[in-house]
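Chain by chain, the residues run as shown.
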Amino acid sequence: MKKLFSIFTIFILFFAIISVSNVTSAATLDNVKAETSKAKIAPGEEVNLTVSFGKDLGAYTVNAAYDDAIFEYVRSEGGTANDTGDKVILTYHDTTGGTNPRTNAVITFKAKAGLTASNPTDFSITLSGMSNSDASETYDDITTPIIKDVLVEPNYVNYSLSLDYTGIIKKNEAKDMKLITASAMGKNYDHVRLIAEITAKPKDDSTAKLIATDNTGAEIDLLQSGWGEADGYAIGGKDVRQELLLKGEFNTDGKYTVHIKLINREDSDAVIAEKNFDITVGEKVVEKPTTNTKPSTDEKLPTTYPQTGMTQYIYILLAVLALVVAYFVLRNYKPAKRYKD
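In this report, we go over the structure that sits alongside the text. Everything numeric here is computed off the predicted structure, so don't read it as measured data.

### Describing the nonpolar core
Inference 1: The biggest cluster of nonpolar side chains holds 32 residues, and the ones touching the most others in it are Val62, Phe71, Phe109, Phe123, Ile125 and Leu127.
Inference 2: Contributions of two or more residues to this core are made by strand 4 (46-57), strand 5 (59-65), strand 8 (87-93), strand 9 (102-111), strand 10 (119-131) and strand 12 (142-152).
Inference 3: Of all the elements, strand 4 adds the most residues to this core, at 5 residues.
Inference 4: When residues no more than four places from it in sequence are discounted, the contact partners of Val62 are Val51, Phe53, Val88, Ile89, Leu90, Ala105, Ile125, Thr126 and Leu127.
Inference 5: One finds Tyr189, Leu223, Leu246 and Tyr256 within the second-largest nonpolar core, a separate group that totals 30 residues.

And the structure:
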């Protein structure tokens, strides 16, 4: 019985040794790395994710997870790809018997065109099923993700400031104005404010106001308090146009310079945009009533004019003059003599 048991044990050990000799050795790939062709891209642009193995592989599966709200899969190189919507599974197996190994795999993604804000994101890569070119050596799966960061950000356009009004500004009269903050593609900020100051004025005692009304009906002077809550308000995106209605008041005629700034409260009040506005204020003009000495075209001119006292004296003088002339003519008149035949 003991002899039988010994023979059985020997057979078990023999088959175990044979089995171990037929199993390929496992190793760890220490030089696997991932790289992107760009660290920052704009919406609509493509980026290549390259996974390098550090040595030739005849088989592998690359799993590349991505944010499907930001990216879409485009194409791949180095295997058969299966896009699940938020992950690309790229599988490769060298069917030539080890003559066509690969040292890397490339997956191309495209940032979605409609993005209007900064989107820091990443790719998360794991690997499995790895072996060398002739499959004599296998490698441990890489289950701890390799993270590769990338930033998707629009090509921002600087913000512009404009102060619009029509007509002439007169001293001590409120003038309707409109302060416009605009950008075709404005960078997103969560906490901005507008502030203003007078940097030049006609006289030392000249004063000015730029009054805005908030949603509670309170009047706020931009020159004294700025505009917005203490921690600011949000701005950004495509085709930004924010209009602030103002009442401008100036107590002296002459030239004022108003300096207006858009600041970022999150960055120690860093200036986002600024501009000087030269404003000329005129005297308040009191309009005089106009006198029209010409008769209206609708009025008919009188055919006879009333006689005045002076006119009557002229008529009397002319009559007297006529009598005097007649007197002298009659006095010197001698009748002609008649001659007989």
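Having seen the structure, we can now continue with the description.
### Some points on the sheet that holds strand 9
Inference 1: Pairing is antiparallel in the open sheet, where 4 strands are placed in the order 2-4-9-6. Each of the sheet's edge strands pairs with one partner strand only, and the pair in question is strand 2 (33-36) and strand 6 (71-77). Averaged over neighbouring strand pairs, the angle between their axes works out to 20° when direction is ignored.
Inference 2: In the sheet, strand 6 pairs with strand 9 via 6 bridges, with the strands oriented antiparallel. Bridge pairing in strand 9 links Glu77 to Val106.

### Re the environment of Asp176
Inference 1: Among the structural elements, Asp176 can be located in strand 15 (residues 175-200).
Inference 2: The exposure class assigned to Asp176 is exposed, which follows from its relative accessible area of 51%.
Inference 3: Sequence-wise, Asp176 and Lys247 are 71 residues apart; in three dimensions their C-alpha atoms are separated by 4.9 Å.
Inference 4: The residues touching Asp176, leaving out its near neighbours within four places in the chain, are Asp164, Tyr165, Leu246 and Lys247.
Inference 5: A polar atom in the side chain of Asp176 sits 2.4 Å from the side chain of Lys247.

### With respect to the environment of Val258
Inference 1: Secondary-structure assignment places Val258 in strand 19 (residues 254-264).
Inference 2: Residues Val258 and Ile198, 60 residues apart in the sequence, show an inter-C-alpha distance of 4.7 Å.
Inference 3: With residues near it in sequence (within four places) discarded, Val258 still touches Ala196, Glu197, Ile198, Leu210, Leu223, Lys275, Asn276, Phe277 and Ile279.

Rules of the game
One numbering rule holds for all chains: residues counted from 1, following each sequence as written. Only residues with pLDDT of at least 70 are given local features in this predicted model, and only at 80 or more are side-chain atom pairs given and counted; all residues enter the totals for whole chains, interfaces and linings. Excluding hydrogens and water, the side-chain figures rest on all heavy atoms present in the structure. Remark: nonpolar core denotes a set of buried residues (Ala, Val, Leu, Ile, Met, Phe, Trp, Tyr, Cys) joined through side-chain atoms within 4.5 Å. Classification of residues uses two cut-offs on accessible area relative to the type maximum, computed with a 1.4 Å probe and protein chains only: under 20% is buried, over 50% is exposed, and between them is partly exposed. Going along the chain from the N terminus, every DSSP run of H or I of four or more residues is numbered as a helix, and every run of E of two or more is numbered as a strand. Here a residue-residue contact requires only that any non-hydrogen atoms of the pair lie within 4.5 Å. For two strands to pair, DSSP has to find at least two bridges joining them. To define axes, lines are fitted to C-alpha atoms, for helices over the stretch in contact only, and angles between the resulting N-to-C directions are given on a 0 to 180 degree scale. In the analysis that follows, any N or O atom pair within 3.5 Å is treated as a polar contact, provided that within protein one partner can donate a hydrogen and the other can accept it, and provided that, for residues neighboring in sequence, both atoms belong to side chains.

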